[in-house]
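Here are the chains, one letter per residue:
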Amino acid sequence: ACGEKEAPPPQAAPAPESAQAAGPLKIGFMYVSPIGDGGWTYQHELGRQAVQAKFGDKVQTSFIESVPEGPDAERVLRDMAGQGTQLIFATSFGFQEYVQKAAGDFANVKFEHATGYKQANNVAVYDSKTFEGAYLAGIVAGGMTKTNTVGVVASVPIPEVVRNVNSFVLGAQSVNPAIQAKVVWVNEWFNPPKEAEAASSLLNGGVDVMYQNTNSPAVLKTAEERGAYAFGKDGDMSAFAPKAHLGSAVINWEPYYTKVVQDTLDGQWQGGNYWWGVKEGAMDLIKVPEIVPQEIHAKVAAAKAGLKDGSFAVWTGPIRNNQGQEVLAAGQVADDAFLRGINFFVQGIEGQVPG
Ligand code: GUN
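Keep in mind that what you see is a predicted model, and the values were worked out from it rather than measured.

Draft legend 1. View of the side chain of Glu112. Within the element layout of this structure, Glu112 appears in strand S4 (residues 110-114). Here the side chain of Glu112 touches Tyr256 through a polar contact of 2.6 Å, side chain to side chain. In contact with Glu112, other than residues within four places in its own chain, are Leu87, Ile88, Phe89, Ala90, Ala124, Tyr126, Tyr256, Val260 and Trp269.

Draft legend 2. A look at helix H2 (residues 71-82). Counted at 1.5 Å a residue, the expected span for H2 with its 12 residues is 16 Å, and the 17 Å between its end C-alpha atoms agrees. The buried fraction of H2 is high, at 9 of 12 residues.

Draft legend 3. The arrangement of the pairing of S4 in detail. Within S4, 4 of the 5 residues are buried, which leaves the element mostly enclosed by the surrounding structure. For strand S3 (residues 87-90) and S4, the ladder comprises 4 bridges, and the chain directions are parallel. From the neighbouring strand, Phe89 faces S4, where its bridge partner is Glu112. Across 4 bridges, S4 lies against strand S5 (residues 123-128) in parallel orientation. What sits directly across from His113, in S5, is Val125.

Draft legend 4. Quick look at the layout of surface pockets. For the largest pocket, the calculated volume is near 320 Å³. Contributing to the lining of the largest pocket are 18 residues, with Leu170, Gln173, Pro318, Ile319 and Arg320 lying nearest its centre. Of all the secondary structure elements, the ones that give two or more residues to the lining of the largest pocket are helix H5 (159-175) and strand S13 (319-320). Classifying every residue of the lining of the largest pocket gives 10 nonpolar, 7 polar and 1 charged.

Draft legend 5. Spotlight on the packing of helix H1 (residues 40-55) against helix H8 (residues 254-265). H8 packs onto H1 with a crossing angle of 45° between their chain directions and a minimal axis gap of 9 Å. Classified by the interaxial angle, the pair formed by H1 and H8 is oblique. With respect to the hand of their crossing, H1 and H8 are arranged in right-handed fashion. Between H1 and H8, the residues in contact are His44, Gly47, Arg48, Ala50, Val51, Lys54 and Phe55 and Glu254, Tyr257, Thr258, Val261, Gln262 and Leu265, respectively. For the contact of H1 with H8, the residue count by class is 6 nonpolar, 4 polar and 3 charged.

Draft legend 6. Expanded view of the nonpolar core. Ranked by internal contacts, the top residues of the largest apolar core, which has 94 residues, are Phe111, Val140, Phe168 and Trp315. The element that contributes the greatest number of residues to this core is helix H4 (residues 130-144), accounting for 9 residues. If near-sequence neighbours (up to four positions away) are discounted, Val140 is found in contact with Phe231, Leu246, Leu285, Val288, Val292, Ile296 and Val300. In this structure, Val186, Leu202, Val207 and Ala241 belong to the second largest nonpolar core, which totals 16 residues.

Draft legend 7. Main features of the sheet that holds strand S8 (residues 209-212). Read across the sheet, 6 strands follow the order S7-S6-S8-S9-S10-S12 without closing on themselves; strand pairing throughout is mixed. Of all the strands in the sheet, just strand S7 (180-185) and strand S12 (283-286) have a single pairing partner and so form its edges. The mean inter-strand angle of the sheet, taken between neighbouring strand axes irrespective of direction, is 20°. Both strand S9 (residues 229-234) and strand S10 (residues 245-251) contribute to a ladder of 4 bridges, which runs parallel.

Cut-offs and rules
- Residues numbered from 1 in each chain as written.
- Predicted model: local features only at pLDDT ≥ 70, side-chain atom pairs only at ≥ 80, totals over all residues.
- Heavy atoms only, no water.
- Helix = DSSP H or I, 4+ residues; strand = E, 2+ residues; numbered from the N terminus.
- Polar contact = N/O pair within 3.5 Å; in protein donor to acceptor, adjacent residues only side chain to side chain.
- Contact = heavy atoms within 4.5 Å.
- Expected span 1.5 Å × (residues − 1).
- Buried < 20%, exposed > 50% of the residue type's maximum accessible area, 1.4 Å probe, protein only.
- Pairing = 2+ DSSP bridges.
- 1 Å grid on protein atoms, 1.4 Å probe; cavity = no way out; pocket = protein on both sides within 12 Å on 5 of 7 lines; lining within 4 Å.
- Points joined across faces, edges and corners; volume = space filled by probe spheres on them.
- Nonpolar A, V, L, I, M, F, W, Y, C, P; charged D, E, K, R; others polar.
- Axes fitted to C-alpha atoms, helices over the stretch in contact; angles between N-to-C directions.
- Parallel < 35°, antiparallel > 145°, perpendicular 65-115°, else oblique.
- Left-handed = near helix turned anticlockwise from the far one by under 90°.
- Core = buried A, V, L, I, M, F, W, Y, C linked by side-chain atoms within 4.5 Å.

Next comes the structure, spelled out in structure tokens:
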């Protein structure tokens, strides 16, 4: 749908108030990859379907998939808003500047942006605590690696992704302090052949358990072919790799999407900054298989319980960066500002964050 190369239309007029007067609430979702990716976008799509099912004829939802993080994104947002869409979810970090531009011209439209940080009167930001899922997966990885070397196929070098890479490794080290880790960057969210190639290079380098921050099951499928282990991310990817799959760190967008749509229907949309995780039912590690030792299952369950009741935080010191400097002192718990600015690798990870 987004292949055509049109110039963005001239500054469109704000949607008329009458567009909001009657009929179902029009809700649009803009996705960065195909709904068939099995991961990030598929999971947002499940959230959209849940909203449509829950609110029935009170809402009319639609989506546009495979929108690149470039000028096309602004055109899609302006098209949606110009066609009377009242609430728009833009579901990738790189849409941030385009959301800001479109939102500035459509004051009556509410914009919701995952996973950015720039808010406005009509722009809310939201994310899920994917780093909690990464940590839980890391516990399993630490219990399963034979080479003591785990690997991550990383997407785009932004704090969110660096935090997830680190959190996976911290989880692994929590059960096995000898763990070392390698990272390969693909600089894209969705490129299955490139993701698979990155996975192969990790395995060639001695990695035997992998995680990823990309959108497709390519890393997991590569593990299956090579007799290694990996995880599903964002969605349940167990079906793609029956032998290699060690669990899927899934996001559930339904609680947040339901809240936002209900607020909007009630005339109570207020914007803000939402970051929900295991505690709010927005993150979970599911389908950890029986081949994983019972003691590891128990450690995952304990960490989950701690995240749920608030007695445990993934980023609790002592934590050192891979230059040996202490970044969190013993017992110190990172606040959101710290978490949102992570731009270093923790001890045990090879190399540096691309600068
Ligand atoms: N996949 C595509 N876009 C994103 C994003 O912004 N965050 C995460 N975690 N995954 C993505």
